[in-house]
Amino acid sequence: MKTVLSYVLIVASVFCVSAQDLSQPLPVDQSIKKGVLPNGMTYYIKSTDVVKDAASYYIIQNVGSILEKENQRGLAHFLEHMAFNGTEHFPGKGILNTLQKHGAVFGKDINAYTSFDETVYNLSNIPIKDGLIDTSLTVLQDWSNYLLLTDEEIDNERGVIKEEWRTRQNGQMRLFEVSMPITYNHAKYADRMPIGLMSVVEGFEYNALRDFYHDWYRTDLQAIAVIGDVDVAEIEQKIIDRFSEIPAVENPKERYTVDIPDNEDMMFSFGMDPEVSSASISFGIRHKKSLADETVGDLKQSLLESMAISALSSRIREVSQKPEATFLSGRVGYGGLSRTSKVFSMGIYPKPNQQKEALTEVLTEVVRAVKFGYTQSEIDRAITIFDNSYQNQIAKKDDRGHKSIESTIQNNYLSNATMSDIEKEYEIAKQLFSKITPEDVHNTIKRLYAKHNRFVNVTGVEGQDNITEAEVRQIITSVENDNAIEPYTEALDGKTLVSDLNIVPGSIAQVSHEDEIGATTFVLSNGVKVHYKFVDKQKDRVALNAVSYGGESLLADEDLASAGFVTSLMGMSGLGDFSATDLRKVLAGKTASAKVGLGGISETVSGSSNTKDVETMLQLVHVYFVKPRFDENAYKVLVNNLDNYLIRRGKDVGEKMKDSLTYALYGKNNPKKRIFDQEYIDDVSFDKIKAIYADRFADASDFEFFIVGDVKEEQLKPLLEKYIASLPTQNTKESYKDNSVEWISDAIDKDIYIAMEDPKASVNVVYKKEMPYVKKNAVYTNVLGDMLQLRVTETVRESEGGAYSPRAGASFTREPKSGAYVSFSFDCNPDMADRLVEIVKEELQKIADGTINEDDLNKTRTNYLKENEQSKDNNGYDMAMLTRYFRYDENINDPKNFVDIVKNMTAKDIQKIAKKILKGNKSYEIIFKPKQ
């Protein structure tokens, strides 16, 4: 059952049903066309122009690692990789090469994933011109039944999968594998991690993979979905003509479903790992999940479950924000565990040596709800939140993304979830809301907190007071029988965000129009400038950004540690008269948020809202300037979190690499590039944070405001006068200082050896070159980076099988110091590290020497033009346009500033920028290797 908060569905008309008729089916979204071909293949089609002139294509295979035999462990995932390594119509890398020529990017637009129970492939945002609809359908057709699976390509992919496994291996993954037999009660899931066994991956016979393919990739276990700017009838006919030809498998193997067996007694696991230094406790209770058709009763149950979990989560969060709390964070949830199971879960992250106390404290909140239920105010607030969520979904129904629609389709195909009509569902939900009682919600949490099918997984830490199974059992029994637990109470006095503020509205002193970009500028009576543009490409969405130069660059070195936690403390403190807990309650049912940011050269305020809650967003912004909240209890919690983070990172290999990289580049005592240690924490000060905030956010007139979205000028202007023009200002103007920190040497070449449980090398190669900011050079540098990504994917990943996800990129910074930056990074087999480093360096040198693959240049060019055009369908494009126009005097909508550069660039242009970067640059080559 999908909760109302997890998806938005397209609707047609009002639907009314008696809320008491719980057996009635949920209304179905008729805008999604569904059909089944004679061979058993299911298809779905949805027409939407959320991305104009483009469509996305999916094939959902009801096949995953759960179907593997013991000697096939890893083949479902291996097969997913092989779908990109040769099909009947696209031999070799034909799928990638064909679609990349039309602007698609591997890993983003072309991808797939394998899970326990399904494998899903996607071709996203593919243009519908140039016959690409037919091309994309041919790819799906080949994925269905026509993979080549050649010996050579299978062998080439073994190394890639081994490196994917290596990249993912760490302490947390090892502990997860320890917990799986308990989480799944020794069901087959516990032994079917999709990555599989490397002994199988490295040694399986070719026909084993082909047999798995022919056994399970078949039409009765497949659904295809086409979502985009298409004609439904035309696509349906193409699907019928093309996919009906695929023969159904005769005498198919049963697609069995694995159930997790029940357990009466609680199950328990305990694990420790040398690379994990923080404890955690996971307490779960499994529930059976129905695959039957969904009814109004299921909707009611889902709403009640969401209410019970949401209110309980808020209570636990409230406890965690007390300095005396014994846990750093805790969470509760209720969601899918397997195809036929859901799980009520508690996740607890104790403070050091307080595992028993943390379990007691979090479990007490759960039991409090189980014993006494919820307050009427909690239920009313939950209903307000859910009602607002429905309204937002309906307002934004035509802006729903392809992936979100596919998720609904996928759940329908794999789990029989209803593709619900959201407007009709909302009419039912309103009737359900009106009948929901505290007893309903109370009974729901009592049902979720069942006595059977329980399991607990504990991650311990060597040298700490680790909780034992006997202690877990004793605590659960003790808390469940604790008669001292009292009902939850809360008190909110009805105040609003601005109740206690004496706001004296200002005025709009001046209005000007910038016809070139369709923007209006308001100069307010206090000197603040607001640039505004009405945009409703995405309905019911409004965004605010405000920026002021200065940031950390104007602070003394001794203040930088505190500066790093200004925004964290603000988020934890709440705002104005409200703690963080109470602020969430005050904002319940509002779709509005705001936050502040402090960066290297600027400070920012950002916000977002729907159309009706723009006033709330501007109220939040106003209060951040006139009445920020600095909560000393929140600061104590922050320091507790920092202390624990210091412990947690102590054994983490990635954190050790990060520190070693900092030392290698900047030395051990650079005041602007410090590592996170006890001395750093000791330099963080509550009073300094307050002083820094007061200094950086003292004067609103130094901020330039940008507001873009679905809000009309007549709605916005009085709100600007009240909340922004009323801000006190001093008419100061600041700039930033260039405090760029140089590396200790212009050329650093170093191997760093680190002890690790699973040996791997981590490669970091970087070049930087200072040069003036020129728009063409900035574009050429980005193009160079994307072309290098194509090259290293082909060489390091495909040809060498040396790394799963080698990353290459290049960018051009404008400020504080302009220049180009090229980087390569990846994890790999330690024995291959030095060779792979030479390969990536050679790829950059080849481009500088003029050896440029024109196909790579054309693929990148097409991608840039495609993504630039598609980005214009989003409000965010107009926010970027306003920001760049008013801050840098650059109109991104003018072809000369991007489109013409991309269309006219040549291989020579890319060669020149590569040569410039390599001549007189600064560079480092740092490889982390396992200590022997």
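Calculation notes
Throughout, residues of each chain are indexed from 1 in the direction in which the sequence is written. Local features in a predicted model are, by the rule used here, given only for residues with pLDDT of at least 70; side-chain atom pairs are given and counted only at 80 or more, and totals for whole chains, interfaces and linings are based on all residues. Hydrogen atoms and water are omitted, and side-chain values are computed over all heavy atoms in the structure. Here, a strand pair is defined by DSSP locating no fewer than two bridges between the strands. Runs of E in the DSSP output that reach at least two residues are strands. Runs of H or I that reach at least four are helices, and both are numbered from the N terminus. Buried and open spaces are told apart on a 1 Å grid over the protein atoms alone, a cavity being a set of points where a 1.4 Å probe fits but cannot get out and a pocket being an open set with protein on both sides within 12 Å along at least five of seven lines. Residues with an atom within 4 Å of a point are the lining residues. Grid points are joined across faces, edges and corners, and a volume is the space filled by probe spheres set on the points. Charged means Asp, Glu, Lys or Arg here, nonpolar means Ala, Val, Leu, Ile, Met, Phe, Trp, Tyr, Cys or Pro, and polar covers whatever is left, Gly included. Helices are assigned an expected span. That span is 1.5 Å times one less than the residue count. Each residue is placed in one exposure class: buried if its accessible area under a 1.4 Å probe, protein chains only, is under 20% of its type's maximum, exposed if it is over 50%, and partly exposed if it falls in between. Contact between two residues is taken to exist if any of their heavy atoms lie within 4.5 Å; hydrogens are not considered. Stacked, tilted and edge-to-face are the three classes applied to pairs of Phe, Tyr and Trp rings, where Trp contributes its six-membered ring and a pair requires centres within 6.5 Å; stacked means planes under 30 degrees apart, edge-to-face means over 60, and tilted covers the rest. To sit over a ring, a charge needs its Lys NZ or Arg CZ within 6 Å of the ring centre and within 35 degrees of the ring normal. Axis geometry follows a simple rule: fit a line to the C-alpha atoms, using only the stretch in contact for helices, then measure angles between N-to-C directions, giving values from 0 to 180 degrees. pLDDT is defined as a per-residue confidence score from the predictor, taking values between 0 and 100.

**Re the pairing of strand β21 (residues 807–813)**
Alignment of β21 against strand β22 (residues 819–828), held across 7 bridges, turns out to be antiparallel. Bridge pairing in β22 places A810 opposite V822. Hairpin remark: β21 followed by β22, antiparallel, with 5 residues in the connecting loop.

**Concerning empty space enclosed by the protein**
Using the criterion set out here, one finds 1 cavity of 30 Å³ or more in the structure. Roughly 40 Å³ of internal volume is contained in the largest cavity. Lining the largest cavity are I260, P261, D262, R286, H287, K288, S341 and N453. A total of 3 residues in the lining of the largest cavity trace back to one element, the largest contributor, which is strand β8 (residues 280–288). Class assignment of the residues belonging to the lining of the largest cavity gives a composition of 2 nonpolar, 3 polar and 3 charged.

**Some thoughts on helix α28 (residues 875–888)**
Here α28 is 14 residues long and its end C-alpha atoms lie 20 Å apart, about the 20 Å a rise of 1.5 Å per residue gives. Buried within α28 we find N875, Y877, D878, M879, M881, L882 and Y885. Against the buried residues of α28 lie β12 (508–514), β13 (519–524), β14 (529–534), β15 (542–549), β18 (704–709) and α27 (854–871). Positioned one or two residues after α28, D889 has a phi angle of 55°, which is positive.

**With respect to the environment of Q169**
When you line up the elements, Q169 lands in the loop between α4 (151–168) and α5 (171–183). Overall, Q169 belongs to the buried group, its relative accessible area being 10%. In this structure, the C-alpha to C-alpha distance between Q169 and H402, residues 233 residues apart in sequence, is 32 Å. Here Q169 is in contact with R174, E177, D758 and K760, once residues within four sequence places are set aside.

**What to know about the packing of aromatic side chains**
Inspection of every chain in the model, using the stated rule, returns 28 aromatic pairs. With a centroid separation of 5.2 Å and 25° between ring planes, the pair formed by Y390 and Y426 is classed as stacked. Here Y426 lies in helix α13 (residues 422–435) and Y390 lies in helix α11 (residues 376–395), a separation of 36 residues in the sequence. Just as Y390 is buried, Y426 falls in that class too. Over the ring of Y888 we find R814, and its NZ or CZ is 4.0 Å from the ring centre.

**Digging into the pairing of β18**
The buried fraction of β18 amounts to 6 of the 6 residues, a majority that puts the element mostly inside the structure. Residues E704, F706 and V708 of β18 are buried on one face, and the alternating residues F705, I707 and G709, pointing to the opposite face, are buried as well. One ladder, built from 6 bridges, connects β14 with β18; its direction is parallel. When the sheet's bridge partners are listed, F534 is paired in β18 with G709. Here 6 bridges tie β15 to β18, and the two strands are oriented antiparallel to one another. Note on β18: the bridge partner recorded for N545 is F706.

**Comments concerning the sheet that holds β15**
Strand order in the open sheet formed by 7 strands is β12-β13-β14-β18-β15-β17-β16, with mixed pairing between adjacent strands. Each edge of the open sheet is held by one strand with a lone partner, namely β12 and β16 (592–598). Strand-to-strand, the axes of this sheet are offset by a mean angle of 15°, without reference to chain direction. Note that β15 and strand β17 (residues 602–609) share 8 bridges and pair antiparallel. Bridging across to β17, V547 finds its partner in T604. Of the strands in this sheet, β15, β16, β17 and β18 are in contact with helix α19 (residues 614–626), which crosses β16 at around 30°. This element, helix α24 (residues 713–723), spans β12, β13, β14 and β18 of the sheet and lies at about 25° to β13.

**What to know about the confidence of the model for the chain**
When pLDDT is averaged along the chain, the result is 95; 98% of the residues meet or exceed 70. Residue range residues 1–19 is modelled with pLDDT below 50. Its contacts to residues more than four positions away, or to other chains, number 70 contacts.

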